[in-house]
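Each chain, written out:
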Amino acid sequence: PAQNMEELVSLCKRRGFIFQGSEIYGGLQGFWDYGPLGVELKNNIKAAWWRANIYERDDMEGLDASIIMHRLVLRHSGHEATFSDPMVDNRKNNKRYRLDHLVKDQKDAVVQKIAEIMNVDAANFPALIAALNASPAQASEALKAAGVRDAFSGEVGDWTEPKPFNMMFKTTIGPVADDESYGYLRPETAQGIFTNFKNVVDSTSRRLPFGIAQIGKAFRNEITPRNFIFRVRELEQMEIEYFCVPGTDEEWHEHWLERRLSWWEAQGVPRSKIEILDVPKEDLAHYSKRTYDLMYDYPTLGHEEIEGIANRSDYDLGSHTKNQAELGLVAKVSENNDSVAKLTIPHPDTNKPVVPFVIEPSAGVDRAMLAVLSEAFTKEVLENGSERIVLKLRPHLAPIKVAVIPLARNREEITTVAKAVKAQLQALGLGRVLYEDSGNIGKAYRRHDEVGTPFCVTVDFDTVGKGEDASLVDTVTVRDRDTLAQERVKIADLSDWVRRGLA
Ligand code: ATP
């Protein structure tokens, strides 16, 4: 695995996985562009998730809802009122910070001091943040008295009182900008699932329990985007809302925790690198009854959330439904006089309408990329003493499955065969096969090690009958990324060989 973030960032830029957004205009903080290899890896991760959660199960449907949503959706979901983080400004340099990040970044002694001033146990970080939040004026004094440093410049700050800051991006819809003509870019994909609950049930005749899955962009105006693609403002999520009979929710919660851990394992992110955090009550999101955060051990950052698996109870459907009063909701919801739909489904035993409970496994695609890349990143010293970087990606995630290399790029007899081999392998439908004639063979191998290509196939003079060994006609050399073994394979057998190798 990668030892630090820098070596990953550098590989990603050098080989075309990830670039800074709007880079030629100085860049835009919190926005990243996925390059030629990044888009392939990302698509492969999403495809693996979709396969495991929709195609390989019999209780799931897919969805692709719009990104911009009616303001009333985000009002009734609770996001208008509560999707905010307390922020503080440093008056000395006019920079803005998320209060919890700022405090977390301090040395232990400083955090201890703040905790003392606030009269809270420093080991209980959520309680400390809650206390700072609850009394903004005292919080500001505590930050100053403890000598809290600016996370970036290292200077001791002069702090304002913490103020809530809503992280949703708001945008104008239509030609007239008035008080009503705005909408939000969704801060999570989940709301599109809840608002389509009735549509999906009616069009598919699903009964409880079943789930709806969606992959898509979400937007959060993070106060301090940082740590490469770990915390970004435009992110992508892979979310499942699993609807079940109230009372069975805790069982399903455990089911999904297990399923998700084994999925991560299959992507090369082992359980031993993921801590399960049973989120303390005072730290739960506004909709949650209980949440497990999967905390992956990122290089440089340490354990940070890669996925949240929340029990959202009947909060969301309950918030978006009409006739709330007659539905016996368990969650505390605000009154809704806007919705025109009753979001119930027949109870499988009694056939009486019921608002289901929801289990939500929600994973970030960008954070998945970072974890997968980090686990695959390997530095090896070869027998001859030289060092190589190799991305040991699982074959189904590799951006390029096979590179086909003509040994001489100007010899038509060789390039014709190499192009035919490329087309033959591409037709297998296993993903991208690259015709690679950009440099000498040694360079090509190095490059494909670094981007995780499982196999390199070389067409040489022997292949086309211009070599010394006539028995090698119509064979190619296949080089294995991990073992470095080279094997001579008949072109006629190559498709089967590659199919087996990538399985
Ligand atoms: P954090 O505490 O790190 O801000 P969160 O608890 O707000 O995350 P959730 O609302 O649970 O995150 O979102 C579900 C998933 O979406 C997260 O596990 C993460 O993978 C991803 N995600 C959330 N915010 C971001 C972000 N700003 N950048 C990248 N991924 C994100």
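Our structure is the block above this text.
What comes next is a walk through the structure. As the structure is a prediction and not an experimental result, all values here were calculated from the model.

1. Notes on the overall build of the chain
Secondary structure assignment for the chain yields 16 helices and 24 strands. The principal-axis extent of the C-alpha atoms belonging to the chain is close to 85 × 65 × 50 Å. A burial count over the chain gives 52% of its 503 residues as buried. A separation threshold of at least 6 residues defines the contact pool for the chain, and within that pool the share at least 24 residues apart is 65%. Computed over 63 positive and 76 negative side-chain charges, the separation of the two mean positions in the chain equals 3 Å.

2. Notes on helix α7 (residues 125–134)
Among the residues of α7, P126, L128, I129, A131 and L132 are the ones counted as buried. For α7, the secondary structure elements touched by its buried residues are α5 (99–104), α6 (108–118) and α8 (136–145).

3. What about the pattern of salt bridges?
Evaluated as defined, the whole model comprises 41 salt bridges. Of the charged contacts, one joins E360 and R312 as a salt bridge, the two residues approaching to 2.7 Å between their closest N and O atoms. Of the two residues, E360 sits in strand β17 (residues 357–364) while R312 sits in strand β14 (residues 302–313), which places them 48 residues apart along the sequence. Accessibility expressed as a relative area gives 0% for R312, which makes it buried. Of the charged contacts, one joins E413 and K466 as a salt bridge, the two residues approaching to 3.0 Å between their closest N and O atoms. Taken as a pair, E413 in helix α14 (residues 412–426) and K466 in the loop between β22 (455–459) and β23 (475–480) lie far apart in primary sequence, 53 residues in all. The class of E413 is partly exposed, set by a relative accessible area of 24%. Connected through salt bridges with shared partners, the residues D85, R98, D100, E222 and R231 form a single ionic network.

4. As for the site of the ligand
Close contacts around the ligand come from 16 residues, with E222, R231, V232, E305 and I306 the closest. Take R231: an N or O atom from its side chain is 2.8 Å from an oxygen atom of the ligand. G364 is positioned such that a nitrogen or oxygen atom in its backbone is 2.9 Å from an oxygen atom of the ligand. Only β11 (234–244), β14 and β17 provide two or more residues apiece to the shell around the ligand. For the shell around the ligand, the element with the most residues is β14, which contributes four residues. In terms of residue class, the shell around the ligand is built from five nonpolar, four polar and seven charged.

5. So, α14
With 15 residues, α14 should cover 21 Å at 1.5 Å per step; its first-to-last C-alpha distance of 21 Å lies within 8% of that length. All of the buried residues along α14 are I414, T415, A418, V421 and L425. With its buried residues spanning 125° around the axis, α14 presents them on a single face. Next to the buried residues of α14 lie β20 (402–406), β21 (433–435), β22 and α16 (491–502).

6. Things to note about the sheet that holds strand β12 (residues 274–278)
Taking strand neighbours across the sheet as the criterion, the seven strands line up as β3-β10-β11-β17-β14-β13-β12 in an open arrangement whose pairing is mixed. Of all the strands in the sheet, just β3 (60–63) and β12 have a single pairing partner and so form its edges. For this sheet the average axis-to-axis angle between neighbouring strands, irrespective of direction, equals 20°. Relative to strand β13 (residues 290–298), β12 is paired through five bridges, and the arrangement is antiparallel.

7. Here's the deal with the side chain of D316
Checked against the element boundaries, D316 lands in helix α12 (residues 315–320). Excluding its chain neighbours within four sequence positions, the residues that come into contact with D316 are Q191, F194 and Y287.

8. With respect to the packing of aromatic side chains
A full pass over the atoms with the stated rule returns 15 aromatic pairs. Ring geometry for Y182 against Y184: centres 5.8 Å apart, planes inclined by 80°, an arrangement best described as edge-to-face. For Y184, a relative accessible area of 7% puts it in the buried group. Note on F197 and F243: the rings are 4.8 Å apart at their centroids and 55° apart in plane angle, and the pair reads as tilted. Linking F197 in helix α10 (residues 197–204) with F243 in strand β11, this pair joins segments that are 46 residues apart in sequence. Just as F197 is buried, F243 falls in that class too. Through a chain of ring-to-ring contacts, three or more aromatic side chains come together here, namely F194, F197, F210 and F243.

So, how was this worked out
Residues numbered from 1 in each chain as written. Predicted model: local features only at pLDDT ≥ 70, side-chain atom pairs only at ≥ 80, totals over all residues. Heavy atoms only, no water. Helix = DSSP H or I, 4+ residues; strand = E, 2+ residues; numbered from the N terminus. Buried < 20%, exposed > 50% of the residue type's maximum accessible area, 1.4 Å probe, protein only. Contact = heavy atoms within 4.5 Å. Lys, Arg positive; Asp, Glu negative; His and termini not counted. Charge placed at Lys NZ, Arg CZ, Asp CG, Glu CD. Salt bridge = Lys/Arg side-chain N within 4 Å of Asp/Glu carboxyl O. Near = heavy atom within 4 Å. Polar contact = N/O pair within 3.5 Å; in protein donor to acceptor, adjacent residues only side chain to side chain. Nonpolar A, V, L, I, M, F, W, Y, C, P; charged D, E, K, R; others polar. Expected span 1.5 Å × (residues − 1). Arc of directions from axis to C-beta. Pairing = 2+ DSSP bridges. Axes fitted to C-alpha atoms, helices over the stretch in contact; angles between N-to-C directions. Phe/Tyr/Trp six-rings, centres within 6.5 Å; stacked < 30°, edge-to-face > 60°.

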